[in-house]
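Here's the letter readout for the chains.
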Amino acid sequence: MIELREVSKTVTSGSEPLTILHPLTLQIPHGQFVAIAGPSGSGKSTLLGLIAGLDAPSSGSVLIDDVDITRLDEDALAKLRGEKVGFVFQFFHLIPSLTAYENVAVPMEIAGASDVRVRAERLLEEVGLTGRSHHYPSQLSGGEQQRVALARALANNPPIVLADEPTGNLDSATGETILTLLDELNADGATIIVITHEREIAARFPRQITILDGRVVDDNRRSSRP
């Protein structure tokens, strides 16, 4: 269960406070397939970063499986993320000096996994990058880097996957492949939360949370996929 209790985010812009997220309360149970939609600048990515513990809220609490992550120190937070959360960054954040394979392998090596090579190669195959595993990020297109970032996020088989615009740099066919992979992960029990500004992508999700100007303006749920 992911739970946000009166979470807000305010930063200083010049000499004035700027509220990116107004206080909001959300619950996302285990196994949900959720799209957070809204226009650019609405606060979607900020919300996802707060859920992941990559940023701290100005007020309120973020709980993952009843653990208030806003009270954890950096070591405990890193441990929780390594065990429970896979994050796909909008701008990839790959390590430029490592190959695609090495970028995917690093989280598994840190976790002490025993089948690093087999799993890393399989993940790259699942995102359609067979034959590109030994290329460096600078040798990959934006879409290919996005797929490496997704494979890396899935490296330790996390029960929660948070993806910020995972199809934003992809052609329609590859985007469909990625959405199908996320759908399959959800069918296997993972909680999937995807940020998107594309209505047709959001419509695929049984739960669609819409954010506008830092506020949740709609939380639409249906019992099954379209």
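Residues numbered from 1 in each chain as written. Predicted model: local features only at pLDDT ≥ 70, side-chain atom pairs only at ≥ 80, totals over all residues. Heavy atoms only, no water.

### Some points on the sheet that holds strand E5 (residues 67–68)
1) Next: An order of E2-E1-E4-E5 is seen for the four strands of this open sheet, with the pairing classed as antiparallel. Pairing within the sheet leaves two strands with one partner each, and these edge strands are strand E2 (16–28) and E5.
2) Next: Inspection of the sheet shows strand E4 (residues 59–64) paired to E5 by two bridges, in the antiparallel sense. Paired with Ile-64 across the two strands is Val-67, which belongs to E5. (Pairing = 2+ DSSP bridges. Helix = DSSP H or I, 4+ residues; strand = E, 2+ residues; numbered from the N terminus.)

### Focus on the sheet that holds strand E6 (residues 85–88)
1) Next: Spatial ordering of the open sheet is given by E6-E7-E8-E3-E9-E10, a layout of six strands whose pairing is mixed. A strand with exactly one partner marks an edge of an open sheet, and here the two such strands are E6 and strand E10 (215–221). Here the average twist between neighbouring strands, direction ignored, is 15 degrees.
2) Next: Across four bridges, the pairing between strand E3 (residues 33–37) and strand E9 (residues 207–212) is parallel. (Axes fitted to C-alpha atoms, helices over the stretch in contact; angles between N-to-C directions.)

### Brief notes about the side chain of Glu-165
1) Next: For Glu-165, the location among the structural elements is in the loop between strand E7 (160–164) and helix H6 (172–187).
2) Next: Despite its burial, Glu-165 pairs with no opposite charge; the closest candidate is Lys-44, at 4.6 Å N-O.
3) Next: In this structure, Glu-165 is in contact with Lys-44, Gln-90, Gln-146, Ile-195, Thr-196 and His-197, ignoring residues within four places of it in sequence. (Buried < 20%, exposed > 50% of the residue type's maximum accessible area, 1.4 Å probe, protein only. Lys, Arg positive; Asp, Glu negative; His and termini not counted. Salt bridge = Lys/Arg side-chain N within 4 Å of Asp/Glu carboxyl O. Contact = heavy atoms within 4.5 Å.)

### Quick word on the nonpolar core
1) Next: With 39 residues, the main nonpolar core has Val-104, Val-148, Leu-150, Leu-182 and Ile-192 as its most contacted residues.
2) Next: Elements represented by at least two residues in this core include exactly E3, helix H3 (100–111), helix H4 (116–126), helix H5 (142–153), E7, H6, strand E8 (191–196) and helix H7 (199–202).
3) Next: Apart from residues no more than four positions distant in its own chain, Leu-150 is found in contact with Val-88, Val-127, Ile-178, Leu-181 and Leu-182.
4) Next: Among the nonpolar cores identified, the runner-up in size contains 27 residues, and Val-34, Leu-80, Val-85 and Ile-193 belong to it. (Core = buried A, V, L, I, M, F, W, Y, C linked by side-chain atoms within 4.5 Å.)

### A word on the environment of Arg-204
1) Next: Examined against the element boundaries, Arg-204 turns out to sit in the loop between H7 and E9.
2) Next: Counting along the chain gives 50 residues from Arg-204 to Leu-154, while the straight-line C-alpha distance between them is 21 Å.
3) Next: In this structure the side chain of Arg-204 is engaged in a polar contact, spanning 2.8 Å, whose partner is the side chain of Glu-176. (Polar contact = N/O pair within 3.5 Å; in protein donor to acceptor, adjacent residues only side chain to side chain.)

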